[in-house]
Amino acid sequence: MKNWIYRGLFFFSPDILFAFFVAYLLFIPDVKAEILGTVAVGLAVMIATRALFHKLGRRFFYGRRIDAIRNILDGYKKGRFIVANPELSGSDDLSRIYRELLTLGKHLSSIINTQKIEIEKFQDLYNSIVFSLSTYYMILNDEDKIVFANSGLCEKFHFDQNEIVNKRIDEIFYFVNRRLIDGIRQVRRYENSVVLEKTHLLSIKKVSIIADIKISTMMIQGKKLEIVIIDDVTNKLQKDYQISLMSQISESIQKDDEIDQILHTILTGVTSGAGLGFNRAMLFLVDGKGENLAGKMAVGPDSFDEAIYIWSSIAAGNMKDDGTGIEKRKSGAELLEKVLNAQFSLEEDSIFSRVMKNMKYVHIMDLWGAEDIGIEIKTLIDVMEFVIVPLVAVNRAIGVIVADNKFNKAPIGKGDIELLSIFASQAALSIENYVRLDTVRNEMRKIGERQEAIVESEKLAAIGRISAHIAHEIRNPLVTMGGYARRIQQLAKEREKEKTKESSGIRDAAKIILSESERLEKILSNVMDFTRPARYLREFNSLNDVIIDTVNLLKNLLLEKKVALELNLENDMPLVKCDFNQMKQVILNLLQNSVDVMPSGGTVAITTKSVDQSAVIKVKDTGSGIDSEDQAAVFEPFFTTKVTGVGLGLAIVKKIIKDHGGDITVRNMPEGGCEFTITMPVPS
Amino acid sequence: MAKILIVEDEQHQRELYALELQDEGHAIDQASNGKEAVDMVKANKYDLVIMDIRMPEMDGIEALGKILSKDKKIPIIIYTAYSNYKSNFMTWTADAYLTKSSNLDELKNKIREILASRSIA
């Protein structure tokens, strides 16, 4: 309502009234000229009045309210939304606007406050996330100089956060991997990001880690900077590596590697950065008698320069230590030699014998200050801080591992020792397994030999059973045939008196049948002798008696075949537990064999002598010897080079000798002929 | 002249022995298995029995026992193709253990030997 009153007033404002008045005067001619002048004056007055009214009137009417509103706006511009004492309480438009502005200010202020709290909360969360990550980061400028490094990174690498600012990265790390430099360049050039996996870093403070490094670029205040995020994966990698190492160790055991290789693999696990990360490791094992602890293997550089060289070669991408093993061994030659020459008695009291006895690790912080360590061990180890861990395999210490950080002088933490202990127990089992496997292998070999013997005798037994069966089946009809042939021969002989051509023909035919069936019978009886189940009489007999007895039997045969006999029998031969007749068979068969191989005569020499716990018989002939390819086969059943014969003579000999627990071998003599050597056990 | 029982399952062999021994002047009876032999020994008086071992129905070992239980003094020669029965103690009760051969001389000699010793006794 009040609006209209103001509008009405404004409608009848003085300049309009004045305009009406002027217009009226213009209609009066007399005053026309006068008026024109007056109009000009009036217009000027009007304009001036109006300007004055505008300038002063507004100020007069609205001044305070506008100022207050302006104050608020100024406050808003500065971020202040709350006005302490509201100045205006009027009910005009401006006052209302003013109050609305105040309310709005309060509202905005509360919104901003809540957001601020939210932001702070988020920032806290963000910070705690960032700091709880095992991530370290630094920001580099375009000269590879450090602009900023987070506190985690400084803590990890033992840097002072202020000192390293403005240093180049190769001033704070011992060597900077080619990969890392290339990575940074690449990021700078192509503005992408790069991930370098499993990179080895060694700080000037000698802290060494393996990290996945992510490099990316960012713009800060118009400047291009690189952020290098270092993600420490040493622990994760150590676990992976240990697992792979253990499998590598068991693999190398299966591959029948030398024990040296296994020990070296174990120590590589102790020393490699991805393994337990010790600088040096030595391994000692108990000797066979359990009296001494002998140095077996050592891995580690001989000097700091060597250490740096090895680390840098690993960092060059050689994470896996397969080829470097030999390299390392070469580089640590001095240490290895010292360790291999070291030996400590377990009966004497020493730090080693104590670790072995208690089966518990010892952590020495000050070698030279320790009074209970002998000078010999001190000079060998030669480092202030080290740890000795027993190799315990199933409740028994089989050796020790000595590990230290001689070169980077990093303190040995409890965690390191725990890891080493776990590793050592696994390694001990591996070594123990290897030793056992070796024993098993030997046993297997023995069993294999025994099995071969069993197979051989089984083979003989099977042949025996088969041939016994055949022999008996054949013998009966053979006997009948032969019997009748003999009868025919007999009958023909009687009729011969008649002197017919027919009868002599019958007789000749019968004679042939007879001789052939006799030959068959003879073969069969040989086979049956061979296959007869062995039931030996075991009595103490003199082998000389056996030989003399047999020779007497064969005297005529030898004479007939023009074979000379030489006997060299030792007088006081020990008695041998054997079956006299079977041994006679042996000599008989050997002599028979000699006679057969010397169809145009020769000499057989039989020698006896006692050697250690056995009686030895040698039968030597002057025949043509045995072809080398036949040597293994001469004792096989049914092996023969003769035109006639079954090939059982020597097989029977071998069977009888084996049944008596003896042995028989044959060899060609340089002067020609061959010599059979029988060795019979003599009961003690 | 003696009365001899030949116990042998192979007919031809048995007949051969019979022929050969008849030529020697002996009276021969034949049995083709142990059972027949036992029956014949029960029914007749023999001076000698030649006994095979592997035979159907009743083998020589069993027959040996039964014959001996009937007549403890009857001479028996085991004549077999097998030498491994030597280890069976029953064969030890026989007067001789010979392995078969187409040459019957060994058998004939043994018969002569046994009959001679018996006639003296």
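This one's a predicted model, so the numbers in the text were calculated from it and none came from an experiment. (Residues numbered from 1 in each chain as written. Chains lettered and ligands numbered in written order. Predicted model: local features only at pLDDT ≥ 70, side-chain atom pairs only at ≥ 80, totals over all residues.)

Further remarks concern the overall build of chain A. What chain A contains, in helices and strands, is 19 helices and 18 strands. Taken across its 684 residues, chain A has 28% of its residues classed as buried. (Helix = DSSP H or I, 4+ residues; strand = E, 2+ residues; numbered from the N terminus. Buried ≥ 20, exposed ≤ 12 C-beta atoms within 10 Å, placed from the backbone.)

All right, on to the confidence of the model for chain A then. Here chain A averages 78 in pLDDT, and 81% of its residues register 70 or above. Predicted confidence is poor over residues 315–329 of chain A, with pLDDT under 50, and the contacts of this stretch with residues over four places away or in other chains come to 18 contacts. (pLDDT = per-residue confidence, 0-100. Contact = placed C-beta atoms within 7 Å.)

A few words now on the environment of Ile 139 of chain A. All names here are of chain A. Residue position: Ile 139 is located in strand 1 (residues 135–140). As for Ile 139 and Ile 229, which are separated by 90 residues in sequence, their C-alpha atoms are 8.7 Å apart. Apart from the residues within four sequence positions on either side, Ile 139 is in contact with Val 147, Phe 148, Leu 225, Glu 226 and Ile 227.

With that settled, consider the packing of helix 2 (residues 34–43) of chain B against helix 3 (residues 60–70) of chain B. Residues and elements named next belong to chain B. Close contact between helix 2 and helix 3 brings their axes to 9 Å; oriented N to C, the two are set at 15°. Regarding the angle of helix 2 to helix 3, the classification is roughly parallel. Classified by chirality, the crossing of helix 3 by helix 2 is right-handed. Where helix 2 approaches helix 3, its residues Gly 34, Ala 37, Val 38, Val 41 and Lys 42 are matched on the opposing element by Gly 60, Glu 62, Ala 63, Lys 66, Ile 67 and Lys 70. (Axes fitted to C-alpha atoms, helices over the stretch in contact; angles between N-to-C directions. Parallel < 35°, antiparallel > 145°, perpendicular 65-115°, else oblique. Left-handed = near helix turned anticlockwise from the far one by under 90°.)

Backbone geometry at Asn 166 of chain A places phi at a positive 75°, although glycine is not the residue there. Topologically, Asn 166 of chain A is positioned in the loop between helix 5 (151–157) and helix 6 (169–172). Here Glu 57 of chain B, not a glycine, exhibits a phi torsion of approximately 65°, which is positive. For Glu 57 of chain B, the location among the structural elements is in the loop between strand 3 (48–51) and helix 3.

For a regular strand, side chains alternate in direction, first toward one face of the sheet and then toward the other. Residues and elements named next belong to chain A. Here strand 1 runs beside strand 5 (residues 223–232); their pairing, made up of 6 bridges, is antiparallel. Opposite Tyr 136, over in strand 5, you have Ile 230 as the bridge partner. Across 10 bridges, strand 4 (residues 208–220) lies against strand 5 in antiparallel orientation. When the bridges of strand 5 are listed, Asp 212 appears paired with Asp 231. With antiparallel pairing between neighbouring strands as the criterion, strand 4 and strand 5 make up a hairpin whose turn holds 2 residues, including Gln 221 at a positive phi of roughly 50°. (Pairing = 2+ DSSP bridges.)

Turning our attention to helix 19 (residues 649–659) of chain A. All names here are of chain A. Among the 11 residues that make up helix 19, 9 are buried, leaving the element largely enclosed by the rest of the structure. Burial in helix 19 covers these residues: Gly 649, Leu 650, Ala 651, Ile 652, Val 653, Lys 654, Lys 655, Ile 656 and Ile 657. Just beyond helix 19, the residue with positive phi is Gly 661, at close to 80°.

Residue and element names in this part refer to chain B. The strand order across the open sheet built from 5 strands is 2-1-3-4-5, with neighbouring strands paired in parallel fashion. Unpaired on one side and paired on the other, strand 2 (27–31) and strand 5 (96–99) mark the two borders of the sheet. Here the strands of the sheet are splayed against their neighbours by 20° on average, with no regard to which way each runs. The strands touched by helix 1 (residues 11–23) within the sheet are strand 1 (3–7), strand 2 and strand 3, with strand 2 carrying the most contacts at an inclination of about 170°. On top of the sheet, helix 2 reaches strand 1, strand 2 and strand 3; it is set at about 160° to strand 1, its chief contact.

Moving on to the sheet that holds strand 16 (residues 614–620) of chain A. Residues and elements named next belong to chain A. Taken in spatial order, the 5 strands line up as 13-15-16-18-17 in an open sheet, and their pairing is mixed. Strand pairing shows two members of the sheet lacking a second neighbour, strand 13 (563–569) and strand 17 (663–668), which therefore form its edges. Between one strand axis and the next, the sheet turns through 15° on average, direction left out of account. Helix 17 (residues 543–560) rests against strand 13, strand 15 (602–611), strand 16 and strand 18 (674–681) of the sheet, and its axis sits at about 170° to strand 13.

Turning our eyes to something else, we now look at the interface of chain B and chain A. Taken together, the contacts link 16 residues of chain B with 20 residues of chain A. Among the residues making up the side of chain B that touches chain A, the classes are represented as 5 nonpolar, 8 polar and 3 charged. (Nonpolar A, V, L, I, M, F, W, Y, C, P; charged D, E, K, R; others polar.)

So, about the confidence of the model for chain B. Here chain B shows a mean pLDDT of 87. Residues at 70 or above account for 98%. With a pTM of 0.37, the predicted complex shows an ipTM of 0.75.

All right, on to the nonpolar core then. Residues Val 270, Ala 281, Leu 283, Leu 391, Val 400 and Ile 401 of chain A are the most contacted members of the largest nonpolar core, which totals 48 residues. Of all the elements, helix 15 (residues 414–495) of chain A adds the most residues to this core, at 7 residues. Core analysis: the second largest hydrophobic core is formed by 35 residues, Leu 16, Tyr 17, Met 51 and Ile 111 of chain B among them. (Core = buried A, V, L, I, M, F, W, Y, C linked by C-beta atoms within 7 Å.)

With that out of the way, let us pick up the packing of helix 18 (residues 580–597) of chain A against helix 19 of chain A. Residue and element names in this part refer to chain A. Look at helix 18 against helix 19: their axes get within 9 Å of each other, and the N-to-C directions meet at 150°. Relative to helix 19, helix 18 is oriented roughly antiparallel. Every pair of crossing elements has a handedness; the one defined by helix 18 and helix 19 is left-handed. Along its contact with helix 18, which presents Gln 582, Gln 585, Val 586, Asn 589, Leu 590, Gln 592 and Asn 593, the element helix 19 presents Gly 649, Leu 650, Ile 652, Val 653, Ile 656 and Ile 657. Tallied by class, residues from the contact of helix 18 with helix 19 come to 7 nonpolar, 6 polar and no charged.

Inspection of the secondary structure assignment puts Ile 112 of chain A in helix 4 (residues 93–132). The spacing of Ile 112 of chain A and Phe 81 of chain A is 31 residues in sequence and 9.8 Å in space, taken between C-alpha atoms.

In this section: the pairing of strand 11 (residues 397–404) of chain A. All names here are of chain A. Judged by how many residues are buried, strand 11 sits mostly within the fold: 8 of 8 residues are covered. As paired strands, strand 6 (residues 280–286) and strand 11 are joined by 6 bridges and run antiparallel to one another. In the strand pairing of strand 11, Met 282 is matched with Val 402. Both strand 10 (residues 386–392) and strand 11 contribute to a ladder of 7 bridges, which runs antiparallel. Opposite Val 392, over in strand 11, you have Ala 397 as the bridge partner. Hairpin geometry of strand 10 and strand 11 is characterised by an intervening segment of 4 residues between the two adjacent antiparallel strands and by a positive phi of about 45° at Val 394.

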